[in-house]
Amino acid sequence: MSGVQTITVEDGDQRLDRWLRRMFPHISQGRIEKMCRKGEIRVDGGRVKASTRVENGQQVRLPPLPDSDNRPAPEPTRISEADARMIRDCVIYRDAHVLALNKPAGLAVQGGSGQRRHVDGLSEALCFDLDEKPRLVHRLDKDTSGVLLLARTRAVAADLTAAFRHRETKKIYWAVVAGVPHPKAGHIRTGLVKAPGHGSKGEGEKMLNVHPRDIDSTPGAKRAVTDYMVIEAAAKRAAWMALNPITGRTHQLRAHMAELGHPIVGDGKYGGSGQDNLGDGWGAQLGGDISRKLHLHARSLTIEHPVTKARLHLTAPLPDHMQDTWDTFQWDTRDQPEDPFEEEE
């Protein structure tokens, strides 16, 4: 049994329970939740939930912890050769300090309810010439593909996490939406608040838009801002969009495009499940040969390199299901600027 201890968070921007279980793998989820309910775990002196996100520099106070939790020790995770090869094939940039992946659609970034195969769990295959595995510094939704940046050392992870937190990055997503927004370029400003899910563990939760005037009076609502631009349209049926999230809220782009009346193709959560959308009705499916998968891709990320201070610009090719849609509509990625917002400015 350990004594009371206070630990400074160094690899934050994650849920408290996940952070704790990485540090103390013998402590069960149930025990963590119980300690939170009783107020035995405190962050910066305040009571917290197991789902509370911790950030670098915060102080986590822990009560005496048992040497074991009367449960079998977890077996070491074994990465199959096929999975190791798959995740290494996703690497689009690597140097001594950072590593970037083109994350496939359908691969979760971290473990969660029912998620046993994810980037964090496969990162041991990405050590290459270093002894430590790379660390996550930001997130993408499971069904969103594209640029995912990882830090190869603890010190670099702290710098990159701060850069994302202080919005010192430029992220451009490509998406296909049902219909064509008008005007063809603009800004979306709402509040976003989490609505509880319908499952026993919160499955199905989604973000609800709140009018800007109601943000301050809505508990849990956070301001969310997205710049958008139509790059090309397929008549009135669909549009190729460039999206720049100024803030980084959960499901922000998906919720914002649905609020605009043009849900992202394949997004059943925010756009309904209608199969056909000819540009004049609601529904996130276009039918025909268009894939039912989510059409949202983190196309590029621009950030100052944490060590060299050079401008690092990372670009990820489209996933197969989105490339097929581009081919169907005869859209050519070579005809368009990488950053249409920069040209607008």
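Residues numbered from 1 in each chain as written. Predicted model: local features only at pLDDT ≥ 70, side-chain atom pairs only at ≥ 80, totals over all residues. Heavy atoms only, no water.

An unreviewed UniProt entry lists the protein under the name Pseudouridine synthase, with Arenibacterium halophilum given as the organism. Database annotation for the protein, UniProt heading Sequence similarities (unreviewed entry): "Belongs to the pseudouridine synthase RluA family." Word for word, the UniProt comment on the protein under Function (unreviewed entry) is "Responsible for synthesis of pseudouridine from uracil." (UniProt positions renumbered as here; feature names shortened; annotations may be inferred.)

Visitor: Looking at this structure, I do not really get the overall build of the protein. What am I missing?
Guide: Across its full length, the protein carries 9 helices and 17 strands. Classification of the 345 residues of the protein by burial places 47% in the buried group. The contacts of the protein with a sequence gap of at least 6 include a subset with a gap of at least 24, amounting to 64%. (Helix = DSSP H or I, 4+ residues; strand = E, 2+ residues; numbered from the N terminus. Buried < 20%, exposed > 50% of the residue type's maximum accessible area, 1.4 Å probe, protein only. Contact = heavy atoms within 4.5 Å.)

Visitor: Looking at this structure, I do not really get the packing of aromatic side chains. What am I missing?
Guide: Note on aromatic pairs: each is described by the distance of the centres and the angle between the planes. Counting across every chain of the model gives 6 aromatic pairs. Ring pairing ties together the aromatic residues Trp-174, Trp-240, Trp-326, Phe-329 and Trp-331, which thus form one cluster. Between Lys-206 and the ring centre of Tyr-270, over which it is positioned, the NZ or CZ distance is 5.0 Å. (Phe/Tyr/Trp six-rings, centres within 6.5 Å; stacked < 30°, edge-to-face > 60°. Lys NZ or Arg CZ within 6 Å of the ring centre and 35° of its normal.)

Visitor: Any chance you could explain the nonpolar core here in plain terms?
Guide: One recurring pattern in soluble globular proteins: nonpolar side chains tend to sit buried together. Residues Leu-101, Leu-148, Met-241, Leu-243 and Leu-296 are the most contacted members of the largest nonpolar core, which totals 30 residues. Leave out the neighbours within four places in its chain, and Leu-243 touches Lys-171, Ile-172, Tyr-173, Ala-175, Asp-227, Tyr-228, Leu-253, Met-257, Leu-296 and Phe-341. One finds Ala-234, Ala-238, Met-322 and Phe-341 within the second-largest nonpolar core, a separate group that totals 19 residues. (Core = buried A, V, L, I, M, F, W, Y, C linked by side-chain atoms within 4.5 Å.)

Visitor: Any chance you could explain the side chain of His-295 here in plain terms?
Guide: Along the chain, the position of His-295 falls in the loop between α7 (268–271) and β16 (296–304). Side-chain polar atoms of His-295 contact the backbone oxygen of Lys-293, separated by 2.7 Å. Residue contacts for His-295: discarding those within four places in its chain leaves Trp-174, Ala-175, Val-176, Ile-264, Val-265, Ile-290, His-321, Met-322 and Thr-325. (Polar contact = N/O pair within 3.5 Å; in protein donor to acceptor, adjacent residues only side chain to side chain.)

Visitor: For this particular structure, what's the right way to read helix α6 (residues 252–259)?
Guide: Note on helix geometry: an α-helix contains 3.6 residues per turn, so any two residues three or four positions apart are oriented the same way. With 7 of 8 residues buried, α6 lies mostly within the body of the structure. Within α6, the full set of buried residues consists of Gln-252, Leu-253, Arg-254, Ala-255, His-256, Met-257 and Ala-258. Two residues or fewer past α6, Gly-261 is found with a positive phi of approximately 95°.

Visitor: Got a minute to help me understand the confidence of the model for the protein in this structure?
Guide: With 88% of its residues at a pLDDT of 70 or more, the protein shows a mean pLDDT of 87. Across residues 278–282 the pLDDT falls below 50, and counting only partners more than four positions away or on other chains, this stretch makes 12 contacts in the model. (pLDDT = per-residue confidence, 0-100.)

Visitor: What should I look at first to understand the packing of helix α1 (residues 16–23) against helix α2 (residues 29–37) in this one?
Guide: Packed helices, taken two at a time, are described by their axes: the angle between them and the distance between them. Look at α1 against α2: their axes get within 10 Å of each other, and the N-to-C directions meet at 125°. In terms of orientation, α1 and α2 fall into the oblique class. Judged by the sense of rotation from one axis to the other, the crossing of α1 with α2 is right-handed. Here α1 contributes Leu-16, Asp-17, Leu-20 and Arg-21 to the contact with α2, which in turn contributes Gln-29, Ile-32 and Cys-36. Looking at side-chain class alone, the contact of α1 with α2 contains 4 nonpolar, 1 polar and 2 charged residues. (Axes fitted to C-alpha atoms, helices over the stretch in contact; angles between N-to-C directions. Parallel < 35°, antiparallel > 145°, perpendicular 65-115°, else oblique. Left-handed = near helix turned anticlockwise from the far one by under 90°. Nonpolar A, V, L, I, M, F, W, Y, C, P; charged D, E, K, R; others polar.)

Visitor: I'm lost on the side chain of Arg-299 in this one. Help?
Guide: Locating Arg-299 in the fold gives a position in strand β16. For Arg-299, a relative accessible area of 9% puts it in the buried group. At a separation of 3.0 Å, a polar atom in the side chain of Arg-299 contacts the side chain of Glu-338. Once residues within four sequence positions are removed from consideration, Arg-299 is found in contact with Val-147, Ile-172, Tyr-173, Trp-174, Leu-314, Thr-315, Ala-316, Pro-317, Leu-318 and Glu-338.

Visitor: Help me out: how do you make sense of the pairing of strand β7 (residues 91–94) in this one?
Guide: On any regular strand, side chains alternate: one points to one face of the sheet, the next to the other face. In this structure, β7 lies alongside strand β8 (residues 98–103), joined through 3 bridges in antiparallel fashion. Counterpart to Arg-94 in the pairing with β8 is Leu-99. Counting the residues between successive antiparallel strands, the hairpin from β7 to β8 contains 3 residues. (Pairing = 2+ DSSP bridges.)

Visitor: I keep staring at the sheet that holds strand β3 (residues 42–43) and nothing clicks. Help me out?
Guide: Backbone hydrogen bonds are what pair the strands of a sheet, in a parallel or an antiparallel way. The antiparallel open sheet is built from 4 strands, whose spatial order is β1-β6-β3-β4. The sheet terminates laterally at β1 (5–8) and β4 (46–47), the two strands that pair on one side only. Where β3 and strand β6 (residues 59–62) come together, 2 bridges link them in antiparallel fashion. Among the inter-strand pairings, Arg-42 is bridged to a residue of β6, identified as Arg-61. α1 rests against β1, β3 and β6 of the sheet, and its axis sits at about 65° to β6.

Visitor: Quick question: what am I supposed to make of unusual backbone geometry here?
Guide: His-182 connects to Pro-183 through a cis peptide bond whose omega is 5°. Looking at the element boundaries, Pro-183 is found in the loop between β11 (169–178) and β12 (185–195). Despite not being glycine, Asp-44 shows a phi value in the positive range, around 50°. Residue placement: Asp-44 occurs in the loop between β3 and β4. Phi at Arg-167 is positive, roughly 60°, even though this residue is not glycine. Residue position: Arg-167 is located in the loop between α5 (154–165) and β11.

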